[in-house]
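Each chain is listed here by its residues.
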Amino acid sequence: MFTLAEVASLNDIQPTYRILKPWWDVFMDYLAVVMLMVAIFAGTMQLTKDQVVCLPVLPSPVNSKAHTPPGNADVTTDIPKMEAATNQDQAGRMANDVSFGTSAVTPDIPLRATYPRTDSTVPNQEAKKEKKDPTGRKTNLDFQQYVFINQMCYHLALPWYSKYFPYLALIHTIILMVSSNFWFKYPKTCSKVEHFVSILGKCFESPWTTKALSETACEDSEENKQRITGAQTLPKHVSTSSDEGSPSASTPMINKTGFKFSAEKPVIEVPSMTILDKKDGEQAKALFEKVRKFRAHVEDSDLIYKLYVVQTVIKTAKFIFILCYTANFVNAISFEHVCKPKVEHLTGYEVFECTHNMAYMLKKLLISYISIICVYGFICLYTLFWLFRIPLKEYSFEKVREESSFSDIPDVKNDFAFLLHMVDQYDQLYSKRFGVFLSEVSENKLREISLNHEWTFEKLRQHVSRNAQDKQELHLFMLSGVPDAVFDLTDLDVLKLELIPEAKIPAKISQMTNLQELHLCHCPAKVEQTAFSFLRDHLRCLHVKFTDVAEIPAWVYLLKNLRELYLIGNLNSENNKMIGLESLRELRHLKILHVKSNLTKVPSNITDVAPHLTKLVIHNDGTKLLVLNSLKKMMNVAELELQNCELERIPHAIFSLSNLQELDLKSNNIRTIEEIISFQHLKRLTCLKLWHNKIVTIPPSITHVKNLESLYFSNNKLESLPVAVFSLQKLRCLDVSYNNISMIPIEIGLLQNLQHLHITGNKVDILPKQLFKCIKLRTLNLGQNCIASLPEKIGQLSQLTQLELKGNCLDRLPAQLGQCRMLKKSGLVVEDHLFDTLPLEVKEALNQDINVPFANGI
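Given the structure is predicted, the values throughout are model-derived calculations rather than measurements. (Residues numbered from 1 in each chain as written. Predicted model: local features only at pLDDT ≥ 70, side-chain atom pairs only at ≥ 80, totals over all residues. Heavy atoms only, no water.)

Visitor: Hey, could you run me through the overall build of the chain in this one?
Guide: Within the chain, the secondary structure is distributed over 26 helices and 26 strands. In the chain, buried positions account for 48% of the 858 residues. Considering only contacts in the chain between residues 6 or more positions apart, those separated by 24 or more positions represent 56%. Carbon and sulfur atoms provide 54% of the accessible area of the chain, an area that totals close to 43500 Å². (Helix = DSSP H or I, 4+ residues; strand = E, 2+ residues; numbered from the N terminus. Buried < 20%, exposed > 50% of the residue type's maximum accessible area, 1.4 Å probe, protein only. Contact = heavy atoms within 4.5 Å. Areas by Shrake-Rupley, 256 points an atom, 1.4 Å probe, with all protein chains shown as cover.)

Written out as structure tokens, the structure is:
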């Protein structure tokens, strides 16, 4: 059994959440605790003392109706029937008296008649006297029979509500408790609420909030003093006076504000400049960022508001339901009950009169429970009225804007607004102080604090994180400059400077011996001569993102040990002829050049790095790339990507790249690839990506590109697959998704090394049996086709780990899927009703976790 404390814990919330509990929620929590105590008390009483006591109804020779209990008139009508039945079986029962003892007796014969007296000389007068002074009507039932009858009648005669009221009340109370605090427990809202409460508490206690509001109060007091100068004469040394109606009356000043007292009234000296200490300034800056991110995250949805409304509606509906059915059962709880257990063959009696000892107590507890539920329900109705009376998904800081100098505090909406409305029910001062961190004016005031005073070494160290390459990375965003403490982070690998217009890199950067990667995002950084010398010798990777080419620092083109260069911005060679790319000849060790721009031609000067360049990536924004002759000189390029360049054919310059291993021509306008035969000269080409184009057919000449291992033709307009494709014996990956292919040729069985096949989004209706000869298949994506049946030979693909079948015309799945021992449910993409058609043992096998070491070994 559980204790009251254990059940009451369902109603507990974190103490910090109490600022989001309005008075009605608090009151309902107390009512729920009272209902819980009533339920547990009733349950305890029922478990320990609840019982019924039953006596058989004996026939009366004179007037049986006179002995009938009130409200049970039907007992007298049954007595003659019982009496007649008893007389019919009397002879048989007496014959068995010896064997049954006292368990089988005749109710009409007194106990003393069953065992006749030996003394027959008793006078008739004494017998008459004995009849006149009876001591009770005796029955022939023993103790065990009474216990049996009591238990039988407890379950048969008592109304179900008398027996289960405490348990129902307990269940209802627990449901109400859970409903009241569900929005604090639900994962999708709990994180937001916890984050909000954390930020709100920090904003409320922040010294910057106090200082900002105090300065506003001082400014207002100055204005008020100037207004009343004509009516009142003040001493010249008085800076401001505090009236009862002034906002500063309840707003404390921080310690650095001086207080002076005169004989007449206290006078506050206005500080000339606001300076926060180091710790307070850091906390305030972090809070501005947290509030900004939290607002962007929470204002997008109204899940918290909807969940609170739903839980209130549930509590109201629960109240109505409890009230409706409980009121009908109040009168069902009574002290007296008539029981007909149909055990006459065991006791000799048909009707029993029973009493329920807990009836009066349960009835009083039930009335108390109904009263508490009514109060609970009325509060729920008030809550609903409050929820729909005003638009809680909108919150205005108009009052705060009027009382303070921060007139730019924005109004908020959705869940952010709802949380602030809930806080106002607790204390409106919270939202007023919170609004300070929504004001850009307030933030700009905070930025006036010294950058180096704010961004200490410890704080910068906290911002260092590990990136995907497991390198220590520091990202500085929208600062007024680069803090000096940055250059004390000697173990930093990656430094990102974004939107810092006044960035300067001093000679101290030479301390950062591990720095190899630098990001300049809209940041035209200036470097000292000593700093440039260090970057020239140590920097390996540079990312430059710009809007205008003038933002690219000139020293970028002089980094002789640079390995990777990423240029993102407007580099149109027609509009920007003086982009300084001639200086690329100094980049003698450049291996990777990534250009995301709007080029119309590959700059001829890019050949300066051709002898050592191994990867060239050009991502255009849709501008047509016309001139590619410069590519011919890049003999050592192994990877080439020309994406979104509006190409209509495969550029002939590519066929001269004898060391090319991977070619990606994604998102162009290529319609025909007859030139593909020229790829036979590229002996090292293993990966060809022609996806997201307008290719209609694959020429048979593709069979000459014998070293291909990966072939991507997805999102084109293919209608068939030529047999030549299946002569590529080294092919491991074939992707022809989202085309118009209606048939898979039987020659697909020739691809014995095929591991990944993607045919999603086509018109395939039949899977050839030869497909299942590709026993090395690990991925088979057949979704969104017209497949009507999956062959049983699917079981031959023992290494299959992913199978997509969703969006077909299947009506069942073959049981042979169980033979694919590497396939698990997470890798089977299929409709739920199709998965249910599998045999139970197959489904259990698919639901089992895969043996990771074994799978890796395969």
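Back to the text.
Visitor: Quick question: what am I supposed to make of a nonpolar patch on the surface here?
Guide: On the surface, a nonpolar cluster with roughly 700 Å² of combined accessible area is contributed by W23, V26, F27, Y30, V375, Y382 and F385. Mapped by element, the contributors of at least two residues to the nonpolar patch are α2 (23-49) and α16 (359-389). Sort the elements by how many residues they give to the nonpolar patch and α2 lands first, with four residues. Within the secondary structure, F27 is located in helix α2. Judged by its relative accessible area of 36%, F27 falls in the partly exposed class. (Patch = residues over 30% accessible without salt bridge, like charges linked within 9 Å, V, L, I, M, F, W, Y side chains within 5 Å. Salt bridge = Lys/Arg side-chain N within 4 Å of Asp/Glu carboxyl O.)

Visitor: Would you mind going over the pairing of strand β16 (residues 592-597) with me for this structure?
Guide: In regular strands, side chains alternate between the two faces of the sheet. Counted residue by residue, β16 has five buried out of six residues, so it is predominantly covered. In terms of strand pairing, strand β15 (residues 564-568) meets β16 through five bridges, oriented parallel. Across the sheet, residue Y566 finds its bridge partner in β16, namely H594. Sheet topology note: the β16/strand β17 (residues 615-620) ladder contains six bridges and is parallel. Its bridge partner being in β17, S597 is matched across the sheet by N620. (Pairing = 2+ DSSP bridges.)

Visitor: Even after reading the chapter, I still don't get the layout of surface pockets, so can you show me in this structure?
Guide: A water-sized probe, rolled over the atoms, reveals where empty space remains. Put simply, the second largest pocket is a space of about 700 Å³. What lines the second largest pocket is a set of 21 residues, among which E289, K293, W455, H463 and F477 lie closest to the centre. Mapped by element, the contributors of at least two residues to the lining of the second largest pocket are α13 (278-298), α20 (440-447), α22 (457-463) and β9 (472-477). The element contributing the most residues to the lining of the second largest pocket is α13, with seven residues. (1 Å grid on protein atoms, 1.4 Å probe; cavity = no way out; pocket = protein on both sides within 12 Å on 5 of 7 lines; lining within 4 Å. Points joined across faces, edges and corners; volume = space filled by probe spheres on them.)

Visitor: What am I meant to see in helix α25 (residues 840-847) here?
Guide: An α-helix turns once per 3.6 residues; consequently, residues spaced three or four apart project the same way. Among all positions of α25, only V842, K843 and L846 are buried. The buried residues of α25 occupy an angular sector of 100° when the element is viewed end-on, so they sit on one face. Turned more than 90 degrees from where α25 packs its buried face, L840 and E841 sit exposed. In this structure, the buried residues of α25 make contact with β26 (828-829) and α24 (832-835). (Arc of directions from axis to C-beta.)

Visitor: I would appreciate a short explanation of the pairing of β15 in the present structure.
Guide: Where strand β14 (residues 541-545) meets β15, five bridges bridge the pair, whose relative direction is parallel. The residue bridging L542 from the neighbouring strand is L565, located in β15.

Visitor: Just to check I follow, could you spell out the sheet that holds strand β4 (residues 336-339) for this structure?
Guide: Sheet strands pair via backbone hydrogen bonds, and the direction of the pair is either parallel or antiparallel. In spatial order, the strands read β1-β5-β4; together these three strands make up an open sheet with antiparallel pairing. In this open sheet, the two strands that pair with only one neighbour each are β1 (52-56) and β4. For this sheet, the mean inter-axis angle between neighbouring strands, taken without regard to orientation, is 25°. Pairing of β1 with strand β5 (residues 352-356), which is carried by five bridges, proceeds in the antiparallel orientation. (Axes fitted to C-alpha atoms, helices over the stretch in contact; angles between N-to-C directions.)

Visitor: Even after reading the chapter, I still don't get the state of the cysteines, so can you show me in this structure?
Guide: In the structure shown here, the tally under the stated rule is two disulfides. A sulfur-sulfur separation of 2.0 Å characterises the disulfide bridge that pairs C54 with C354. Here C54 and C354 share a disulfide; its torsion about the S-S bond, 110°, makes the bridge right-handed. Of this pair, C54 sits in strand β1 while C354 sits in strand β5; the two residues are 300 residues apart in sequence, bridging distant segments of the chain. Here C153 connects covalently by a disulfide to C339, the sulfurs 2.2 Å from one another. Where C153 bonds to C339 through sulfur, the torsion about that S-S bond is close to -90°, and the disulfide is left-handed. With C153 in helix α8 (residues 143-156) and C339 in strand β4, this pair connects stretches of sequence that are 186 residues apart. Relative accessible area serves as the criterion here: at 1%, C153 is assigned to the buried category. (Disulfide = S-S within 2.5 Å.)

Visitor: Teacher, can you tell me more about the packing of aromatic side chains here?
Guide: How two aromatic rings sit relative to each other is set out by the distance from centre to centre and by the angle between their planes. The full count for this structure, using the stated rule, is 27 aromatic pairs. Judged by centre distance (6.3 Å) and plane angle (70°), the ring pair of Y349 and F352 falls under edge-to-face. Pair check on accessibility: Y349 and F352 agree, each one buried. Here the aromatic rings of F416 and F434 are separated by 5.6 Å at their centres, their planes lie at 85°, and the arrangement is edge-to-face. Separated by 18 residues along the polypeptide, F416 in helix α18 (residues 414-426) and F434 in helix α19 (residues 428-435) bring together distant segments of the chain. What makes F416 buried here is its relative accessible area of 0%. Taking the relative accessible area as the measure of exposure, F434 reaches 1% and is therefore buried. By the ring-pair criterion, three or more aromatic residues cluster together here, those being W23, W24, Y382, F385 and W386. Sitting above the plane of the W455 ring, K459 keeps its charged end 4.3 Å from the centroid. (Phe/Tyr/Trp six-rings, centres within 6.5 Å; stacked < 30°, edge-to-face > 60°. Lys NZ or Arg CZ within 6 Å of the ring centre and 35° of its normal.)

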